[in-house]
Amino acid sequence: MNRISAISKARFGLAVIIASAALAACGGGGGGSDQSTNTNSNPQNPSNPSAPSKPAATAATLLQPSATPQTVTASGHATADGIAFVNTVRQNVGLPQLLDDATLKQVSQNHTVYLVDNMATGHNETAGLPGYTGQSPFTRGSTVEGEVVVAGDPLAFPTSLTPVQALFDAPYHRLLMLGNWTSMGVANTTSATWQAFSIDFGGTPSTTDSSKLVAYPYPAQADVPTQWFAAENPNPFATHTQFENSYVGYPITVQGAMGTKLTSISFVVTDSGGNSIQCQQQTPDNDTELSNGAMCIPFAPLKAGATYNVHVTGVLTGYGVVLPVDVSWQFQTSQVAVMRNMMGVVPQQRKLPQF
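Since the structure is predicted, the reported quantities are computational estimates derived from the model, not experimental observations.

**Student:** Even after reading the chapter, I still don't get helix α4 (residues 162-169), so can you show me in this structure?
**Tutor:** Since there are 3.6 residues in each turn of an α-helix, residues three or four apart along the chain are aligned in direction. Counting buried positions along α4 yields eight of eight residues, so the element is predominantly enclosed. Looking only at α4, the buried set comprises T162, P163, V164, Q165, A166, L167, F168 and D169.

Shown next as structure tokens:
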């Protein structure tokens, strides 16, 4: 069964590991595992009822963010905060909010119970173990189109917002979470020794303007974190391994609608003084995990209280259109150095969680 993937044209499972927790994001064809290599190309069929509508635009443009961005405060309930965070950030970038789907929620809940019962991580389950409901997300629920998961030592989750924020800050995961889905199911299960948080996504809208690009940080966004702990798999620093497991700048991403493809993408990032910010650029041209998304991760943490300019060029193709990409925007970092992942939370003598 073909599935539309928000981020990958080549791999079903995307495992992400940071020092204090383990995330996994997957979207793509049914079956497989974190290590599988089954291929699932994005459908490019304009007659597909869930395909984006053909735009009248002659060039790709940025989706305009909300004029009144919102924030989420930790409530103490990870599931509620996960729903609130995903829908708030989607609203802020200009995307529709997702419906809280009972079927997807049950699939997520079943999997978090399995992970906690077995102190396990990742997407896949092993038949015969406690709580087993299906080998992969796509066999556990026929409506599942993508999934992100984080599980591990509860000390890795100091607040109820930590799991969803850590997933979102990891760029491969962010691309999935900002896909043009219609629904999601969020669940969290915690024991004295293990915690698991999962979001399953489903549904694609009947019409989407395929000329629009989603940028994050979004145009005019303020209070952006200055750094990120680089320990994601797929590894964006595979060609620059000296930056693995270190603090780098906060990732910048751009993506088209699911089913489109970005090519010849190039980022130019500068500070307010015009100084170039060097970054690791992962695009569909050099990364088989990407199709409709691309990322630029600064090699060094960004400065606090600073304005950064982003200019992206390239080509957006899909659903009968070939559009030039030439977009620019600005964002502002937090007044103090900020990172939101879980590095350093868990004592080294404890078993560290994994994405």
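**Student:** Sorry if this is basic, but what is going on with the sheet that holds strand β14 (residues 279-282) here?
**Tutor:** Spatial strand order, β3-β8-β12-β15-β14: five strands in an open sheet with mixed pairing. The open sheet has two edge strands, β3 (61-62) and β14, and neither has a second partner. Pairing analysis gives four bridges linking β14 to strand β15 (residues 293-298), with the strands arranged antiparallel. Bridging across to β15, Q282 finds its partner in M295.

**Student:** Whenever I open this one, the packing of aromatic side chains confuses me. Can you help?
**Tutor:** The way to describe two aromatic rings as a pair is by their centre distance and the angle between their planes. Counted according to the given criterion, the structure contains nine aromatic pairs. The interplanar angle of 65 degrees and the centroid separation of 5.2 Å between the aromatic rings of F229 and Y247 together place this pair among those described as edge-to-face. Placement of the pair is F229 in strand β10 (residues 227-229) and Y247 in strand β11 (residues 247-249), with a sequence separation of 18 residues. The exposure class of F229 is buried, given its relative accessible area of 4%. Y247 sits in the partly exposed class, given a relative accessible area of 36%. An aromatic cluster is defined as three or more aromatic residues linked by ring pairs; in this entry it consists of F85, F168, Y216 and Y218.

**Student:** So what exactly am I meant to see when it comes to the nonpolar core here?
**Tutor:** Generally speaking, soluble globular proteins have nonpolar side chains that are buried together. M177, I199, L213, F267, V312 and W329 are the most contacted members of the largest nonpolar core, which has 58 residues in total. Once you skip the residues sitting within four places of it in the chain, W329 turns out to touch L62, A215, P217, Y218, P219, I252, Y308, N309, V310 and V312. One finds Y172, V248, M295 and I297 within the second-largest nonpolar core, a separate group that totals eleven residues.

**Student:** Before we go on, may I ask you to explain the environment of G202 in this structure?
**Tutor:** Topologically, G202 is positioned in strand β7 (residues 195-202). On the accessibility criterion, G202 (2% relative accessible area) is buried. Separated by 58 residues in sequence, G202 and V144 place their C-alpha atoms 5.1 Å apart. Residues contacting G202, with those up to four places away along its chain left out, are L104, T143, E145, W181, T182 and S183.

**Student:** Would you explain the layout of surface pockets in this entry?
**Tutor:** Empty pockets left among the atoms are what a rolling probe the size of a water molecule brings to light. Quantified by volume, the second largest pocket comes out at close to 240 Å³. Contributing to the lining of the second largest pocket are 20 residues, with L63, L95, P96, N180 and T208 lying nearest its centre. Its residues assigned to classes, the lining of the second largest pocket shows eight nonpolar, nine polar and three charged.

**Student:** Explain the packing of helix α1 (residues 78-93) against α4 to me, please; I cannot follow it from the model alone.
**Tutor:** A packed helix pair is summarised by two numbers, namely the angle formed by the two axes and the spacing between the axes. For the pair α1 and α4, interaxial distance at closest approach is 8 Å and the crossing angle is 35 degrees. Crossing of α1 against α4: the hand is right-handed. When α1 is examined against α4, the residues D81, G82, F85, V86 and V89 are found in contact with a partner set consisting of V164, Q165 and F168. Taken together, the residues of the contact of α1 with α4 break down into five nonpolar, two polar and one charged.

**Student:** Explain the environment of P171 to me, please; I cannot follow it from the model alone.
**Tutor:** For P171, the location among the structural elements is in helix α5 (residues 171-177). Assessed through its relative accessible area of 0%, P171 is described here as buried. For the pair P171 and I297, spaced 126 residues apart in sequence, the C-alpha separation works out to 8.7 Å. The residues touching P171, leaving out its near neighbours within four places in the chain, are W228, E232, P251, T253, M295 and I297.

**Student:** Quick question: what am I supposed to make of helix α2 (residues 102-118) here?
**Tutor:** Its 17 residues place the ends of α2 24 Å apart at the C-alpha level, agreeing with the 24 Å of an ideal helix rising 1.5 Å per residue. Restricting attention to buried positions, one finds in α2 the residues L104, V107, S108, H111, T112, Y114, L115 and V116. Where α2 is buried, its residues contact α3 (137-140), β5 (146-152), β6 (183-190) and β7. Backbone nitrogen of T103 and a side-chain oxygen of the N-cap are separated by 3.0 Å at the start of α2; the cap is D101. M119 sits one or two residues past α2 and shows a positive phi near 45 degrees.

**Student:** How should I be thinking about the sheet that holds strand β9 (residues 221-224) in this particular structure?
**Tutor:** Paired through their backbone hydrogen bonds, the strands of a sheet run either parallel or antiparallel. Strand order in this open sheet of four strands is β9-β17-β16-β13, and the pairing throughout is mixed. A single partner strand is all that each edge strand has here, and the edge strands are β9 and β13 (261-271). Across the sheet, the mean angle from the axis of one strand to that of its neighbour is 30 degrees, orientation sign disregarded. Note: β9 against strand β17 (residues 321-333), two bridges, orientation parallel. Within β17, the position partnered with Q221 by the bridge is F331.

**Student:** Any chance you could explain the pattern of salt bridges here in plain terms?
**Tutor:** Note that side chains of opposite charge can pair when their charged atoms are close. Summed over all chains, the structure comprises two salt bridges. The residue R140 makes a salt bridge to E147 at a minimum N-O spacing of 3.4 Å. For the pair formed by R140 and E147, the shared burial category is buried. A cluster of three or more residues bridged by salt bridges with shared partners is formed by E125, R140 and E147.

**Student:** Would you explain the confidence of the model for the protein chain in this entry?
**Tutor:** Mean pLDDT over the protein chain: 84, with 79% of residues reaching 70 or higher. Across residues 1-21, confidence stays below pLDDT 50; counting only partners more than four residues off in sequence or on other chains, it has 126 contacts.

Reading the values: rules and limits
- Residues numbered from 1 in each chain as written.
- Predicted model: local features only at pLDDT ≥ 70, side-chain atom pairs only at ≥ 80, totals over all residues.
- Heavy atoms only, no water.
- Buried < 20%, exposed > 50% of the residue type's maximum accessible area, 1.4 Å probe, protein only.
- Helix = DSSP H or I, 4+ residues; strand = E, 2+ residues; numbered from the N terminus.
- Pairing = 2+ DSSP bridges.
- Phe/Tyr/Trp six-rings, centres within 6.5 Å; stacked < 30°, edge-to-face > 60°.
- Core = buried A, V, L, I, M, F, W, Y, C linked by side-chain atoms within 4.5 Å.
- Contact = heavy atoms within 4.5 Å.
- 1 Å grid on protein atoms, 1.4 Å probe; cavity = no way out; pocket = protein on both sides within 12 Å on 5 of 7 lines; lining within 4 Å.
- Points joined across faces, edges and corners; volume = space filled by probe spheres on them.
- Nonpolar A, V, L, I, M, F, W, Y, C, P; charged D, E, K, R; others polar.
- Axes fitted to C-alpha atoms, helices over the stretch in contact; angles between N-to-C directions.
- Left-handed = near helix turned anticlockwise from the far one by under 90°.
- Expected span 1.5 Å × (residues − 1).
- Polar contact = N/O pair within 3.5 Å; in protein donor to acceptor, adjacent residues only side chain to side chain.
- Salt bridge = Lys/Arg side-chain N within 4 Å of Asp/Glu carboxyl O.
- pLDDT = per-residue confidence, 0-100.

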